[in-house]
Amino acid sequence: MNRPKKRLSQNFLTDSLVINKILNVVNPKEDERFFEIGAGKGALTKMFVGRVKVMESIEIDKDLLPKLKQLESSSNNLFIHEDNILRFNLDSLSENKHKYRIVGNLPYNISSKIMMWSFKNMKRIEDLHFMFQKEFGERLISNPGNKSYGRLSILTQYMFESFYLFKILPESFTPKPSVESIFIKFVPRQKKDINSPKVKKLQEVTHMLFSKRRKKISTSFKNILSQNELIDLRVNPDDRPELLGVRDFLRLTEYLLKKNNV
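The sections below set out a description of the structure shown in this document. (Residues numbered from 1 in each chain as written. Predicted model: local features only at pLDDT ≥ 70, side-chain atom pairs only at ≥ 80, totals over all residues. Heavy atoms only, no water.)

What follows concerns unusual backbone geometry. In this model, Thr174 is joined to Pro175 through a cis peptide bond whose omega is -5 degrees. One can find Pro175 in the loop between strand E8 (173–174) and strand E9 (181–188). Phi at Lys191 is positive, roughly 60 degrees, even though this residue is not glycine. Within the secondary structure, Lys191 sits in the loop between E9 and helix H7 (197–210). (Helix = DSSP H or I, 4+ residues; strand = E, 2+ residues; numbered from the N terminus.)

This is the structure we're talking about:
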């Protein structure tokens, strides 16, 4: 019996009702290619593999691989990768540059890093369906004015269109986590590049403001933008950063790029 590993933040989804609900919501088609992050004990893998053209699954836990490899050997369209998702590039999967639908029950300790991985692999992604611990997932889709709203909220909402799908109770997992989870769909926005000057500057701006999120925007920008410049950009100098929407941050970003002749 494989015991869940705390260092890998493992909570295996075992509720068949939730698994079927995920299957219905994702609605896989027989001509589609899927990539699963964290195959675990194969609960989702088994449900998807018979319904899609190709199922690629990645798993880092060596103790789980023997049973996953057995499942792979009995399928003609399942490919198990023993690797760390953060080091894996979707470009390595095929020469034809197919797009993949991504699905996964993400460990809390690397959820933010996997979102960054998703940004870097966007050109190969059709959509994402991710399970997160509720607190983290809410950060990604949070609106301005909420405590959970921050840098990752802005970057995620700029790069992806997001859809809250449903909540998952702790009882659906083994071991039972102390918090609820949520299932979210993400669809890449067109022509967004994490390595573009615009997105790099957006990350600089959000870091600058949210590293001092209790301070007024004018205070954080005192050596960069004047109060008049902020007002011209329709930004209240006395506001805190969590009150600005994504479009506000984009106006600031674009103005700074122009000002610095980038």
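Mapped onto the elements of the fold, Ser118 is located in helix H4 (residues 111–120). Discounting residues that sit within four places of it in the chain, Ser118 has contacts with Ile125, Leu128, Phe130 and Phe160. (Contact = heavy atoms within 4.5 Å.)

The next subject is the environment of Gly137. Within the secondary structure, Gly137 is located in helix H5 (residues 134–141). Given a relative accessible area of 0%, Gly137 falls into the buried group. Separated by 16 residues in the primary sequence, Gly137 and Ser153 place their C-alpha atoms 9.6 Å from one another. With residues near it in sequence (within four places) discarded, Gly137 still touches Phe132, Ile182 and Ile184. (Buried < 20%, exposed > 50% of the residue type's maximum accessible area, 1.4 Å probe, protein only.)

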